[in-house]
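Secondary and tertiary structure notes
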Amino acid sequence: MHLFRKKNVAGVDVDLAHLPSHIAIIMDGNGRWATSRGLPRTVGHREGSETFRRVATYLNNIGLKHLTVYAFSTENWSRPVEEVDAIMRLLKEYFLEACEKMVRDNISLKILGDQSALSPELREIIKRTDELSLQTSGLKVNVCINYGGRAEIVNAARILAEKAVLGEIKPEDIDVSLLSEELYTAGIPDPDLIIRPSGELRISNFLLWQSAYAEFYFTDMLWPDFDEKEINRAILSYQKRNRRYGGI
Ligand code: IPE
Ligand code: IPE
Ligand code: MG
């Protein structure tokens, strides 16, 4: 329960009674953050993972229900192997740490994406965090790893096609809700607000289906520079908008 309706961070107020239910973030700009300091890109990824911890803690504290973060896309495999390995190591580190802390912090974790390409070790840790998630009721954090919006929709289409071939459904049964149920995000409400740092004005294969009526917040700030104040700015911007969903 929040006794105060507003949460102020460094002069930026948000209305806690009207938080978005689901915020999604494309955690972009780690590489540029490091390069501009003369540091290796991997240092930027480490800094970005610290920012993620900080932002998730803040959003859990103010009572957000769902947070989805884009950590590694299906296209990010095209990066140098050392960079890919460094990102995978950071993810493993985060999930191992989560095993210790998530119940205390009342956070649940879910992976969105094709896990078959992940190391057996990482998959094992993810299984453990899945089990621990059953004990928590606070912020639900979805981490997109080896995630692509197109791959997700293709995967759902295949599952529905198989069901149709087996006679479990008829092609005309396929509608928005049936397809949604086969996405990685089944059971998770669509994102209300999608945040993209780093000055890029694109979606980069993130939540293509689920973003149909999302509100967007773009900023030039790089992800490692994000903090509670910038998150509040994004939420405040969202709270000033009028969502019409095609109506008037
Ligand atoms: C986002 O930061 C992290 C991943 C895509 C894994 P980038 O690594 O894309 O950083 P920039 O965009 O090169 O600055
Ligand atoms: C999107 O960022 C993917 C993640 C943040 C994980 P990218 O840096 O890969 O996207 P592009 O290449 O700028 O579109
Ligand atoms: Mg990038």
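Along each chain, residue indices are assigned from 1 in the same order as the chain's sequence is written. As they are written, the chains are lettered A onward and the ligands numbered 1 onward, keeping that order. The predicted origin of the model limits local features to residues at a pLDDT of at least 70 and limits the giving and counting of side-chain atom pairs to 80 or more, whereas totals for whole chains, interfaces and linings rest on all residues. Neither water nor hydrogens contribute to the side-chain values; these are computed over all heavy atoms in the structure.

Some details on the site of ligand 1
The environment of ligand 1 is made up of 13 residues, and the closest members are D28, G31, R32, R41 and R79. At 2.8 Å, a side-chain N or O of D28 approaches an oxygen atom of ligand 1. We define a polar contact as two N or O atoms separated by no more than 3.5 Å, with the added condition that, inside protein, one atom must be a possible hydrogen donor and the other a possible acceptor, whereas residues neighbouring each other in sequence contribute only through side-chain atom pairs. R41 is positioned with one of its side-chain polar atoms (N or O) 2.9 Å from an oxygen atom of ligand 1. Considering ligand 1 on its own, with 380 Å² of exposed area, one finds that the protein chains cover 87% of that surface. The helix and strand labels rest on DSSP assignments: H or I over at least four residues marks a helix, E over at least two residues marks a strand, and numbering proceeds from the N terminus. The set of elements that each furnish at least two residues to the shell around ligand 1 consists of α1 (30–35), α2 (41–62) and α3 (81–105). When residues of the shell around ligand 1 are assigned to their parent elements, the largest contribution, three residues, is made by α1. Residues belonging to the shell around ligand 1 are distributed by class as follows: three nonpolar, five polar and five charged. Throughout, the term near means that a residue has one or more heavy atoms lying within 4 Å of the molecule or strand in question. Each accessible area is a Shrake-Rupley result for a 1.4 Å probe, and residues are judged covered by the shown protein chains and nothing else. Throughout, the ten residues Ala, Val, Leu, Ile, Met, Phe, Trp, Tyr, Cys and Pro are labelled nonpolar, Asp, Glu, Lys and Arg are labelled charged, and all others, Gly among them, are labelled polar.

Remarks on a negative patch on the surface
Patch construction takes residues with relative accessible area above 30% that form no salt bridge. Like charges are linked within 9 Å, and nonpolar side chains (Val, Leu, Ile, Met, Phe, Trp, Tyr) are linked within 5 Å. When a carboxyl oxygen of Asp or Glu is within 4 Å of a side-chain nitrogen of Lys or Arg, the pair counts as a salt bridge. In summary, the charge assignment counts Lys and Arg as positive and Asp and Glu as negative, without counting His or the chain termini. By convention, the charge on Lys lies at NZ, on Arg at CZ, on Asp at CG and on Glu at CD. Taken together, the side chains of E172, D173, D175 and E181 make up a negatively charged region of the molecular surface. Here D175 is to be found in the loop between α5 (149–165) and α6 (176–180). Classification of D175 as partly exposed rests on a relative accessible area of 42%. Type-normalised accessible area, obtained with a 1.4 Å probe on protein chains alone, sets the label of each residue: buried when under 20%, exposed when over 50%, and partly exposed for intermediate values.

Some details on the side chain of D192
One can find D192 in the loop between α6 and β7 (193–196). Accessibility expressed as a relative area gives 13% for D192, which makes it buried. A distance of 3.0 Å separates a polar atom in the side chain of D192 from a polar atom in the side chain of R243. Any pair of residues with heavy atoms lying within 4.5 Å of one another is described as a contacting pair. Those residues in contact with D192 that lie beyond four places of it in its chain are P20, S21, H22, A214, E215, Y238 and R243.

What to know about the pattern of salt bridges
Inspection of every chain in the model, using the stated rule, returns 21 salt bridges. For E124, the salt bridge goes to K127, with nearest N and O atoms at 3.8 Å. Remark: K127 and E124 occur in helix α4 (residues 120–133); sequence separation between them is three residues, near one turn of the helix. For E124, a relative accessible area of 47% gives the class partly exposed. Overall, K127 belongs to the partly exposed group, its relative accessible area being 47%. Within the structure, one salt-bridge network assembled from shared partners comprises D28, R32, R196, E200 and R202.

Description of the site of ligand 2
All residues in the neighbourhood of ligand 2 are listed as I26, M27, D28, Y70, A71, F72, N76, R79, R196, R202 and S204. Between an oxygen atom of ligand 2 and a side-chain N or O atom of N76, the distance comes to 2.9 Å. Residue R196 places a side-chain N or O atom 3.4 Å away from an oxygen atom belonging to ligand 2. Expressed as a share of its isolated accessible area of 390 Å², the protein-covered part of ligand 2 is 78%. Per-element tally for the shell around ligand 2: the top contributor is strand β4 (residues 66–73), with three residues.

In short, the description is geometric, and any link to function would need to be established separately.
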